[in-house]
Amino acid sequence: MFSTINKYLSLVKFAHTIFAMPFALTGFFMAITRGGGSFSWTTFGLVILCMVFARSAAMAFNRWLDVDIDKLNPRTAKREIPAGVISRKNAMFFIVGNVVLFVVTTWFINRICFLLSPVALLVVLGYSYTKRFTALCHLVLGVGLSLAPIGAYLAVTGEFALLPVLVSFLVLCWVSGFDIIYSLQDEDFDKSQQLNSIPAWLGLSGALRFSEFLHVIAAALVVTIGLTGHFHWVFWIGAAAFVVMLVSQHLLVKPNDLSKINIMFMTTNGIASVVFAVFAIADMMIFL
């Protein structure tokens, strides 16, 4: 049983949950400290479950849909479905199960989360098709992960607000930017298979400039969030560290040297999301 669980955890790259989960928690505590919501362990648990179910469905669907493409790419040929570790049929059962669990979980949160659950699924599942027709697929991925903070805020308050929306835009620009960097290693493959991506469209140097542009906007949004939310010195420590992590990605990866992409993707961005969330939440809790 543990072997099977590990296979599915590997299928959905469960460790990558670290990118969006901290921002979901930021949105959750923002709703309590800035939105007038009250803490509930039940709601907290349901938000975590929603994140896990939606992300698992999205990642597994991406692997299921791209199996024929992944077989041809040396970088992805050993993934669970193309390698035959998990069958396409079982993967689809897993996807459907997570979709159902996600919708059911939103039902127990509140009405607006339930009504918006199909929209969220359309975004996170629809992303997998986008590389077939637009180079802006990275931005769609960013939109998918950006739903985390606003979704958590809605779970607590049932209402939209400016501050969590700004955090969502931050996530959009940050994720889109680092996904473009990650996709640099597939530039030649994408071109050979007529797949769309920023690197295939603009080349390595152009893609890095596009990523830099998005990360400059992300840095500006960090400052905007701090000022709009009237945060204090604790937040600004985390904000500074987050911006440093953004800059470090562009120092690590160059058009003629992609050897540090994996360090950039997992380590740098994992640290960035956790640090931002820890300091933002600490600031909100200390200066209630």
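Preceding block: the structure.
What you see is a predicted model; the values in this text were computed from it and never measured. (Residues numbered from 1 in each chain as written. Predicted model: local features only at pLDDT ≥ 70, side-chain atom pairs only at ≥ 80, totals over all residues. Heavy atoms only, no water.)

Enquirer: In this structure, what is going on with the overall build of the chain? I would like to understand it.
Expert: Along the chain, the regular secondary structure elements total 12 helices and 0 strands. Ordered by position in the sequence, the α and β elements of the chain form the string α-α-α-α-α-α-α-α-α-α-α-α. Its C-alpha atoms give the chain a radius of gyration of 19 Å, within 12% of the compact-globule value 19 Å for 288 residues. Principal-axis analysis of the C-alpha atoms gives the chain an extent of 55 × 40 × 35 Å. (Helix = DSSP H or I, 4+ residues; strand = E, 2+ residues; numbered from the N terminus. Rg over C-alpha atoms; globule rule 2.2 N^0.38 Å.)

Enquirer: Is there a simple way to think about the packing of aromatic side chains in this case?
Expert: Think of a pair of aromatic rings as described by two things: how far the centres are apart, and how the planes are tilted against each other in angle. Counting across every chain of the model gives 23 aromatic pairs. Seen in terms of ring centroids, Phe-19 and Phe-178 are 5.2 Å apart; in terms of plane orientation they differ by 50 degrees. Their pairing is tilted. Placement of Phe-19 in the loop between helix 1 (2-11) and helix 2 (21-33) and of Phe-178 in helix 8 (residues 162-182) is noted, with a sequence separation of 159 residues between them. Between the aromatic rings of Phe-39 and Phe-44, the centroid separation amounts to 6.1 Å while the plane-to-plane angle is 40 degrees, which identifies the pairing as tilted. The lysine or arginine in question, Arg-34, covers the ring of Phe-231, its NZ or CZ lying 4.4 Å from the ring centre. (Phe/Tyr/Trp six-rings, centres within 6.5 Å; stacked < 30°, edge-to-face > 60°. Lys NZ or Arg CZ within 6 Å of the ring centre and 35° of its normal.)

Enquirer: Can you help me understand the side chain of Thr-33 in this one?
Expert: Counting through the fold element by element, Thr-33 comes out in helix 2. At 2.9 Å, the side chain of Thr-33 forms a polar contact with the backbone oxygen of Phe-29. Not counting residues up to four positions away in its chain, the partners in contact with Thr-33 are Met-284, Met-285 and Leu-288. (Polar contact = N/O pair within 3.5 Å; in protein donor to acceptor, adjacent residues only side chain to side chain. Contact = heavy atoms within 4.5 Å.)

Enquirer: Is there a simple way to explain the pattern of salt bridges in this structure?
Expert: Close approach of charged atoms lets side chains of opposite charge pair. Inspection of the entire model under this criterion finds 6 salt bridges. Ionic pairing is found between Arg-132 and Asp-66, a salt bridge with its closest N-O pair at 2.9 Å. Of this pair, Arg-132 sits in the loop between helix 6 (111-130) and helix 7 (137-157) while Asp-66 sits in the loop between helix 3 (41-65) and helix 4 (67-72); the two residues are 66 residues apart in sequence, bridging distant segments of the chain. When its relative accessible area of 1% is taken as the criterion, Asp-66 is described as buried. Arg-75 is paired through a salt bridge with Asp-186; the nearest N and O atoms lie 2.5 Å apart. Of this pair, Arg-75 sits in the loop between helix 4 and helix 5 (88-109) while Asp-186 sits in the loop between helix 8 and helix 9 (187-192), placing them 111 residues apart in sequence. Here Arg-75 falls in the partly exposed class, since its relative accessible area comes to 33%. On the accessibility criterion, Asp-186 (10% relative accessible area) is buried. (Salt bridge = Lys/Arg side-chain N within 4 Å of Asp/Glu carboxyl O. Buried < 20%, exposed > 50% of the residue type's maximum accessible area, 1.4 Å probe, protein only.)

Enquirer: Can you walk me through the packing of helix 7 against helix 8 in this structure?
Expert: The packing of two helices is summarised by the inter-axis angle and the distance between the axes. Contact geometry of helix 7 with helix 8 gives a least axis separation of 7 Å together with a crossing angle of 150 degrees. The pairing of helix 7 with helix 8 is recorded here as roughly antiparallel in orientation. Helix-helix and strand crossings are classified by hand; for helix 7 and helix 8 the assignment is right-handed. Between helix 7, through His-138, Leu-139, Leu-141, Gly-142, Val-143, Leu-145, Ser-146, Pro-149, Ile-150 and Tyr-153, and helix 8, the contact on the second element is made entirely by Pro-164, Val-165, Val-167, Ser-168, Val-171, Leu-172, Val-175, Ser-176, Asp-179 and Ile-180. (Axes fitted to C-alpha atoms, helices over the stretch in contact; angles between N-to-C directions. Parallel < 35°, antiparallel > 145°, perpendicular 65-115°, else oblique. Left-handed = near helix turned anticlockwise from the far one by under 90°.)

Enquirer: Would you mind going over the nonpolar core with me for this structure?
Expert: The nonpolar side chains of soluble globular proteins are, as a tendency, buried together. Core analysis: the biggest nonpolar cluster contains 87 residues, and Leu-170, Trp-174 and Phe-242 have the highest contact counts within it. Those residues in contact with Trp-174 that lie beyond four places of it in its chain are Phe-19, Phe-23, His-215, Ala-218, Phe-242, Leu-246, Gln-249, Asn-269 and Ser-273. (Core = buried A, V, L, I, M, F, W, Y, C linked by side-chain atoms within 4.5 Å.)

Enquirer: Just to check I follow, could you spell out unusual backbone geometry for this structure?
Expert: Where the residue is not glycine, phi is negative for most of them; where a peptide bond is considered, it is trans in most cases. The backbone of Gln-194 shows a phi angle near 55 degrees, a positive value even though the residue is not glycine. In this model, His-230 sits at a positive phi of 55 degrees, which is unusual for a non-glycine residue. Here His-230 lies in the loop between helix 10 (198-228) and helix 11 (233-252). Judged by its relative accessible area of 61%, His-230 is exposed.

Enquirer: Which parts of the structure should I look at to understand the packing of helix 11 against helix 12 (residues 261-286)?
Expert: Contact geometry of helix 11 with helix 12 gives a least axis separation of 7 Å together with a crossing angle of 170 degrees. Relative to helix 12, the element helix 11 is oriented roughly antiparallel. Counting all contacts with helix 11, which are made through Trp-233, Val-234, Phe-235, Ile-237, Gly-238, Ala-241, Phe-242, Met-245, Ser-248, Gln-249 and Leu-252, the residues of helix 12 involved are Met-264, Thr-268, Asn-269, Ile-271, Ala-272, Val-275, Phe-276, Phe-279, Ala-280, Ala-282, Asp-283 and Ile-286.

Enquirer: Can you help me understand the environment of Leu-202 in this one?
Expert: Its location among the elements puts Leu-202 in helix 10. By relative accessible area, Leu-202 is classed as partly exposed at 35%. Along the sequence, Leu-202 and Ala-135 sit 67 residues apart, while their C-alpha atoms lie 9.4 Å from each other. Excluding its chain neighbours within four sequence positions, the residues that come into contact with Leu-202 are Ala-207 and Phe-210.

Enquirer: Explain the environment of Arg-55 to me, please; I cannot follow it from the model alone.
Expert: Looking at where Arg-55 falls in the secondary structure, it is placed in helix 3. As for Arg-55 and Leu-121, which are separated by 66 residues in sequence, their C-alpha atoms are 9.6 Å apart. Dropping the residues within four chain positions of it, Arg-55 is found in contact with Val-12, Lys-13, Phe-14, His-16 and Thr-17.

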